[in-house]
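Chain by chain, the residues:
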Amino acid sequence: MNLTHLFDLSFTGRRDEIALEFGDCQFTFGEIDRRGNRMAHLLQARGLKTGDRLCVYLANCVEMIDLYLACIKLGVIFVPINILYRDREMAHILHDAGPAALVAALTPTEACPSPVPVWNHTELAAEAAAHSAEPLHISLDGDTPAGIIYTSGTTGAAKGAVLTHNNFAANAITLLACWQITAADRFLLALPLFHVHALGNGLHCWLASGCRMRLLERFEHQKAAAEFLHFRPTLFFGVPTIYVRLLDLPQATAREIGAAMRLFVSGSAPLPAQVLDEFRQRFGHTILERYGMSETMMNISNPYTGERRPGSVGLPLPGVSARIVDGEVQVKGPNVFAGYWRRDEATRAAFVDGWFRTGDIAQCAPDGYYTLSGRKSDLIISGGFNIYPREIEEFLMEQEEITEAAVIGVNDPVRGEVPVAYIVAATPISPEALESRCRATLASFKVPRAFHPLERLPRNAMGKIQKHLLPRP
């Protein structure tokens with residue numbers, strides 16, 4: 001089987017039900033299916049075939065869904081590109097993936113760094129409307145690559161993680177069961193479809209469950225309350241920065257939103273424990289935090305029914321095996337990617353005896369709950385002591401004057417490395433006061449040697465702090 005068989009549960013079984021809301025438009029599952037078929041026929045007419053790659057550089061829109069469905073129906077590998085990327089980053093992906101074309105929201109007069117044909121998404125949609133809505137009959141199995149998701153590339157050039165039909169299907173089926181997602185849900189999705197969080201979890205859970213989804217072009221905190229109150233979702237996937245923004249809503253609004261909701265899920269970056277606690281008090285819901293990666297999608301999750309432990313990402317999901325070796329989390333299961341695109345050496349280095357080396361540092365409690373400490377590459381070794389930046393960052397963010405914090409290691413001639421902190425303050429606080437509080441709580445070697453104030457921390461589109469962009473002292 002492949003993903004089209006999984007989606008037929010909705011495309012055929014709920015054909016006349018409303019599937020999608022985007023802007024002022026509504027589409028049934030049958031209409032979404034036919035749009036995907038028409039786009040697949042168009043791509044085939046333009047010469048694309050099974051195994052070819054198609055790069056897509058778009059903000060959330062219905063056409064992006066059309067293109068993804070067309071690719072999986074045709075066996076073309078879907079390669080989404082972060083819309084915040086610019087010439088250099090795009091050029092790397094276009095060179096590495098070797099696509100047949102790039103689909104983007106470009107006009108013929110705009111400059112484009114692409115070495116391949118550039119197709120405008122609205123022109124494609126108009127042309128596709130004239131093609132047949134009948135399904136293509138192409139034999140694809142579960143091991144067929146469905147997408148290449150490029151890693152964030154914070155420690156070097158981005159690598160393309162190849163995810164198969166089986167990877168996406170296994171991930172979706174697991175989440176439907178563990179998070180109790182059904183056709184009765186109303187799903188609000190504001191995350192970008194170019195990221196595995198929205199694509200691997202959001203789009204696949206929507207189509208596999210047959211629930212009703214409202215897709216937003218992006219999350220806008222000024223409009224968030226209106227979106228929630230008008231659509232009244234039961235299910236929402238977010239990142240920590242979104243939940244921090246939602247805490248700004250009035251108490252009465254938060255309670256009204258919470259009254260309709262069934263499940264808030266957070267991922268893509270660590271959720272501070274104080275955000276979880278404050279959110280529970282205001283919205284009446286305990287956010288479910290989970291842990292995944294571009295290469296694996298979902299690995300570990302707090303339970304839907306059971307303890308959602310603050311600061312912990314929970315328990316390994318069904319079918320996923322996890323272990324800790326020298327502090328690093330290693331996983332294996334049907335969710336784990338097929339390897340890095342055209343990077344055999346990097347693929348071999350990423351696995352040991354069939355286990356994928358995540359690069360994430362964690363501890364496992366006696367009852368099986370995992371708590372992440374940070375990235376292995378973020379580890380600071382100072383005078384022989386290991387320092388995990390997240391521990392210091394969480395303490396700093398507990399200070400009422402501070403809204404954001406990031407800690408990195410800098411070279412030191414005596415200790416090898418020492419930690420320094422970058423902070424965004426809501427109200428003024430002196431470095432001396434912060435140092436005093438740290439010394440009262442943290443081991444001396446963990447106390448940052450400097451505190452650098454910033455207006456904001458550099459983040460990628462999913463809210464992850466990009467520490468390699470912090471100004472070095």
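Residues numbered from 1 in each chain as written. Predicted model: local features only at pLDDT ≥ 70, side-chain atom pairs only at ≥ 80, totals over all residues. Heavy atoms only, no water.

Participant: Would you take a moment to explain the environment of Leu69 for this structure?
Facilitator: Note on placement: Leu69 falls in helix H3 (residues 62–74). According to the relative accessible area criterion, Leu69 is buried, its value standing at 0%. Sequence separation of Leu69 and Ile300 is 231 residues, and the distance between their C-alpha atoms is 27 Å. (Helix = DSSP H or I, 4+ residues; strand = E, 2+ residues; numbered from the N terminus. Buried < 20%, exposed > 50% of the residue type's maximum accessible area, 1.4 Å probe, protein only.)

Participant: Help me out: how do you make sense of the nonpolar core in this one?
Facilitator: A general tendency of soluble globular proteins is for nonpolar side chains to be buried together. Counting 111 residues, the largest nonpolar core has Leu20, Leu54, Ile65, Trp206, Leu246 and Phe264 as its most contacted members. With ten residues, the top contributor of residues to this core is H3. With sequence-adjacent residues up to four places away left out, Leu20 is seen in contact with Cys25, Gln26, Phe27, Ile32, Val62, Ile65, Trp206, Met213 and Leu215. Membership of the second largest hydrophobic core comes to 19 residues, among which are Ile77, Tyr85, Ile93 and Ala104. (Core = buried A, V, L, I, M, F, W, Y, C linked by side-chain atoms within 4.5 Å. Contact = heavy atoms within 4.5 Å.)

Participant: What should I look at first to understand the sheet that holds strand S26 (residues 451–453) in this one?
Facilitator: Strands pair in a sheet through their backbones, by hydrogen bonds, and they do so in one of two ways: parallel or antiparallel. The strand order across the open sheet formed by three strands is S24-S25-S26, and the pairing between neighbours is mixed. The open sheet has two edge strands with one neighbour each: strand S24 (402–412) and S26. Sheet twist, expressed as the average angle between the axes of neighbouring strands with direction ignored, equals 25°. Across ten bridges, the pairing between S24 and strand S25 (residues 416–425) is antiparallel. Following the sheet pairing, Ile408 is matched in S25 by Val420. Contacting S24, S25 and S26, helix H13 (residues 389–397) runs over the sheet at an angle of about 145° to S24. Contacting S24, S25 and S26, helix H14 (residues 431–441) crosses the sheet at an angle of about 135° to S26. (Pairing = 2+ DSSP bridges. Axes fitted to C-alpha atoms, helices over the stretch in contact; angles between N-to-C directions.)

Participant: Whenever I open this one, the pairing of strand S20 (residues 355–364) confuses me. Can you help?
Facilitator: Residues in a regular strand project their side chains so that they alternate between the two faces of the sheet. Burial analysis of S20 places seven of its ten residues in the buried class, which makes it a mostly covered element. In this structure, strand S17 (residues 328–332) lies alongside S20, joined through three bridges in antiparallel fashion. Bridge assignment links Glu328 to a residue of S20, and that residue is Ile361. In this sheet, S20 lies alongside strand S19 (residues 351–352) in antiparallel orientation, the contact comprising two bridges. Its bridge partner lying in S20, Val352 is registered against Trp355.

Participant: Just to check I follow, could you spell out the packing of aromatic side chains for this structure?
Facilitator: How two aromatic rings sit relative to each other is set out by the distance from centre to centre and by the angle between their planes. Taken as a whole, this structure holds 20 aromatic pairs when the rule is applied. Pairing Phe228 with Phe236 gives two aromatic rings, centres 5.0 Å apart and planes at 55°, and the pair type is tilted. Taking the relative accessible area as the measure of exposure, Phe228 reaches 3% and is therefore buried. On the basis of relative accessible area, Phe236 is assigned to the buried category, the value being 0%. (Phe/Tyr/Trp six-rings, centres within 6.5 Å; stacked < 30°, edge-to-face > 60°.)

Participant: Teacher, can you tell me more about the state of the cysteines here?
Facilitator: Two cysteines whose sulfur atoms are joined by a covalent bond form what is called a disulfide. Enumeration over the complete set of coordinates arrives at zero disulfides. No disulfide involves Cys25; its sulfur sits 12 Å from that of Cys61, the nearest cysteine. No disulfide involves Cys71; its nearest neighbouring cysteine sulfur is the one of Cys55, lying 10 Å away. Overall, Cys71 belongs to the buried group, its relative accessible area being 0%. (Disulfide = S-S within 2.5 Å.)

Participant: Help me out: how do you make sense of the pattern of salt bridges in this one?
Facilitator: Pairing is possible between side chains of opposite charge, provided their charged atoms come close. By the definition in use, this model includes 25 salt bridges. Among the salt bridges present, the one from Asp33 reaches Arg15, with a minimum N-O distance of 3.3 Å. One end of the pair, Asp33, is in helix H2 (residues 29–45); the other, Arg15, is in the loop between helix H1 (3–11) and strand S1 (18–22), with 18 residues separating them in the sequence. When its relative accessible area of 7% is taken as the criterion, Asp33 is described as buried. Assessed through its relative accessible area of 29%, Arg15 is described here as partly exposed. The partner of Glu227 in a salt bridge is Arg214, with the nearest N and O atoms 3.0 Å apart. On the criterion of sequence distance, the pair formed by Glu227 in helix H8 (residues 224–231) and Arg214 in strand S10 (residues 212–215) is long-range, its members being 13 residues apart. (Salt bridge = Lys/Arg side-chain N within 4 Å of Asp/Glu carboxyl O.)

Participant: When you look at empty space enclosed by the protein in this model, what are you seeing that I'm missing?
Facilitator: The probe, sized like a water molecule, is rolled over the atoms to show the empty space still left. Applying the stated rule across the entire model yields one cavity of 30 Å³ or more. Lining the largest cavity are Ala170, Asn171, Thr174, Met298, Leu317, Pro318, Val320, Pro334 and Asn335. Of the residues forming the lining of the largest cavity, the biggest block, three residues, is contributed by helix H6 (residues 165–178). Of the residues that constitute the lining of the largest cavity, the class distribution is six nonpolar, three polar and no charged. (1 Å grid on protein atoms, 1.4 Å probe; cavity = no way out; pocket = protein on both sides within 12 Å on 5 of 7 lines; lining within 4 Å. Points joined across faces, edges and corners; volume = space filled by probe spheres on them. Nonpolar A, V, L, I, M, F, W, Y, C, P; charged D, E, K, R; others polar.)

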